[in-house]
Amino acid sequence: MLETARASAFELSDEQKQIGALAAEIAAREIAPNIVKWDREHFFPRELYSKLCAAGILGIIVPEEYGGVGADYVSYALAIEELAKVDAGTAVTVSVHSMIASAINRLGSDEQRRYYLPKLASENSLAAFALTEPDAGSDASGVRSSARHDGDGYVLNGRKQWCTNGAYSGVIMGMFRTGEAGKRSISAFLIDNDLPGVSVERTTEKLGIHTSNTCDLAFDDVRVPATALLGSEGDGFGNAMAALHGGRIGIAAQACGILAASLDASVKFAGERVAFGKPIGAFQGISFKIAQMAMDLDAARLLTYRAAALCSAGEPFVIEASKAKLFASTAACKHAAAAIQIHGGYGYTNEFPVERYYRDAKITEIYEGTSEIQQIIIARSLLGKIDT
Ligand SMILES: Cc1cc2nc3c(=O)[nH]c(=O)nc-3n(C[C@H](O)[C@H](O)[C@H](O)COP(=O)(O)OP(=O)(O)OC[C@H]3O[C@@H](n4cnc5c(N)ncnc54)[C@H](O)[C@@H]3O)c2cc1C
């Protein structure tokens, strides 16, 4: 049994366990043999998503009536974690995709649900999220891309930065300004990627998650019908934030997966590597690092599953999702670094996977709200909004 096996006191249902096991099995079979090459070549494994789609992984949280599995967010978190143990890039691809599917399910019209959800759950179409711009990151209210009324629809113009899945998506949830400055004049649209005027401007080279596609998208006079609006005009900022609150459960789970992989690799290496006549795990300087990793992994998982369970139950979960993401991402970065230290010089080479975990972990502290933004959300829930 792996050292990172879940403590049995936290009872998972049979369905939750099965979905986690299914994701683990696909990751072991389809990703593990290829990940070193894919990571080195910055390869986006498009074919893998046909397999994940066929297995139901792309539609875990999509209701069955739209071709999905109709499972809960704990099952979803378990699947993301299992993928991330093998490849954090695959995990974020599925996580962002699922974030959009969830947003369409919660915020979309019946027509949008009927049109998009079967595509995302069972027809192997991926989804992307386009909020960030060069001058609008943490302060997303700075969006400048515009949606101008034109007849019975809109014309979209602007540039969106660092869109995960952008080059491979069938649909993009994009935030555009339908009025003057301010949050209340931003609107969300569902945009088919093959519309005239939508193009990939640049693919981004990154420190890690090399199997994840990140690109800048250009929108040049893209005409969309009024039915492309997700929710009401002016609700786009709130709808984007609502999507991100759910998305943070996925990123927390991704961080848990990286942390679990760091722990497994460290336990194995500490048992095998001999120095001064003993396995290095016999030295407290090493074993205490492993104890801290195991404890933080348990805590990160419990925070993540709690946020996921609240989300599934329709209870407030925003603060819990921020706590889960903040804790799990901080722990993943700290312990991926410790895993390299435990591996010594070998850890710094690409002969062992821990250098990849270290590169992959860092982004979990940045996207879908940086660690500083998570702390603002948590502190405001206690202190209210204090003007300085
Ligand atoms: C690989 C990758 C994938 C991404 N995928 C997507 C995607 O799919 N869709 C999308 O829309 N975006 C995506 N992003 C963008 C990502 O969400 C933003 O990078 C992130 O929100 C931070 O914005 P920023 O980079 O502009 O940093 P900034 O907002 O400029 O922040 C810079 C620093 O200042 C800090 N800071 C900012 N404001 C405050 C404050 N009020 N108090 C304290 N500190 C503060 C930040 O925490 C950070 O440390 C992606 C980014 C990357 C790198």
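Quick caveat: nothing in here was measured; it's all calculated off a predicted structure.

The next subject is the overall build of the protein. Assigned secondary structure in the protein consists of 12 helices and 10 strands. For the protein, whose C-alpha radius of gyration is 21 Å, the value lies close to the compact-globule estimate of 21 Å for 388 residues. If one aligns the C-alpha atoms of the protein with their principal axes, the spans along those axes are about 80 × 50 × 40 Å. Looking at the protein as a whole, 51% of its 388 residues are labelled buried. The contacts in the protein between residues at least 6 apart in sequence include a share of 75% that link residues at least 24 apart.

Attention now goes to the nonpolar core. Where a protein is soluble and globular, its nonpolar side chains tend to be buried together. If you look at the biggest cluster of nonpolar residues, it comprises 123 residues, and the most contacted ones within it are Met173, Phe189, Leu259 and Ala328. Excluding anything up to four places from it in sequence, Ala328 contacts Ala252, Ala255, Cys256, Leu259, Ala300, Leu303 and Thr304.

Moving on, we get to the domain arrangement of the protein. Taken domain by domain, the protein holds domain 1 (14-126), domain 2 (128-235) and domain 3 (238-383). Taking only C-alpha atoms, the centre of domain 2 and the centre of domain 3 are 30 Å apart. For the side of domain 2 that touches domain 3, the residue count by class is nine nonpolar, three polar and one charged.

Most of strand S1 (residues 126-130) is tucked away: five of the five residues are buried. Here S1 shows two buried faces, one formed by Leu126, Ala128 and Ala130 and the other by Ala127 and Phe129. Here S1 runs beside strand S4 (residues 169-177); their pairing, made up of five bridges, is parallel. Bridge pairing in S4 links Ala128 to Ile172.

Moving on, we come to the site of the ligand. The immediate surroundings of the ligand are formed by 20 residues, with Thr132, Gly137, Ser138, Thr370 and Glu372 found nearest. Of all the elements in the fold, those that place two or more residues in the shell around the ligand are S1, strand S3 (153-164) and helix H12 (371-383). Split into classes, the residues belonging to the shell around the ligand amount to 11 nonpolar, six polar and three charged. The two domains that each donate at least three residues to the shell around the ligand are domain 2 (128-235) and domain 3 (238-383).

Once that is clear, we can look at unusual backbone geometry. Despite not being glycine, Asn124 shows a phi value in the positive range, around 60°. As for its position among the elements, Asn124 is in the loop between helix H6 (110-122) and S1. Taking the C-beta count within 10 Å as the criterion, Asn124 has 16 such neighbours and is therefore assigned partly exposed. The phi angle at Asn165 is positive, at roughly 70°, despite the residue not being glycine. Topologically, Asn165 is positioned in the loop between S3 and S4. Asn165 sits in the buried class, given 27 other C-beta atoms within 10 Å.

So, on to the packing of helix H5 (residues 88-107) against H6. Axis separation between H5 and H6 bottoms out at 10 Å; the angle between their running directions is 155°. With respect to their mutual orientation, H5 and H6 come out roughly antiparallel. The crossing of H5 and H6 is left-handed. Touching His97, Ala101, Ile104 and Asn105 of H5 are Gln112, Arg113, Tyr116, Leu117, Leu120 and Ala121, all from H6. The residue inventory of the contact of H5 with H6, partitioned by class, reads six nonpolar, three polar and one charged.

Remark: helix H4 (residues 73-86) packs on helix H8 (residues 284-312), axes separated minimally by 7 Å, with the N-to-C direction vectors making an angle of 145°. Residues Tyr73, Val74, Tyr76 and Ala77 of H4 lie in contact with H8, whose contacting residues are Thr304, Tyr305, Ala308, Ala309, Cys311 and Ser312. Of the residues that constitute the contact of H4 with H8, the class distribution is eight nonpolar, two polar and no charged.

Compared with the 20 Å implied by 1.5 Å per residue over 14 residues, the 20 Å span of H4 between its first and last C-alpha is a close match. Across the 14 residues of H4, 14 count as buried, placing the element largely inside the fold.

This next bit is on the environment of Glu133. Examined against the element boundaries, Glu133 turns out to sit in the loop between S1 and strand S2 (146-150). Taking the number of C-beta atoms within 10 Å as the measure of exposure, Glu133 has 19 and is therefore partly exposed. Beyond its immediate stretch of four places on either side in the chain, Glu133 contacts Val143, Arg144, Ser145, Arg159, Lys160 and Gln161.

So, about the environment of Leu107. With respect to the helices, strands and loops of the structure, Leu107 is situated in helix H5. Residue classification places Leu107 among the partly exposed residues on the basis of 19 C-beta atoms within 10 Å. Measuring from C-alpha to C-alpha, the distance between Leu107 and Gly231 comes to 5.9 Å, with 124 residues separating the pair along the chain. Residues contacting Leu107, with those up to four places away along its chain left out, are Leu230, Gly231, Asn239 and Ala242.

Rules used in this analysis
Residues numbered from 1 in each chain as written. Predicted model: local features only at pLDDT ≥ 70, side-chain atom pairs only at ≥ 80, totals over all residues. Helix = DSSP H or I, 4+ residues; strand = E, 2+ residues; numbered from the N terminus. Rg over C-alpha atoms; globule rule 2.2 N^0.38 Å. Buried ≥ 20, exposed ≤ 12 C-beta atoms within 10 Å, placed from the backbone. Contact = placed C-beta atoms within 7 Å. Core = buried A, V, L, I, M, F, W, Y, C linked by C-beta atoms within 7 Å. Domains from an automatic or database assignment. Nonpolar A, V, L, I, M, F, W, Y, C, P; charged D, E, K, R; others polar. Pairing = 2+ DSSP bridges. Near = placed C-beta within 6 Å. Axes fitted to C-alpha atoms, helices over the stretch in contact; angles between N-to-C directions. Parallel < 35°, antiparallel > 145°, perpendicular 65-115°, else oblique. Left-handed = near helix turned anticlockwise from the far one by under 90°. Expected span 1.5 Å × (residues − 1).

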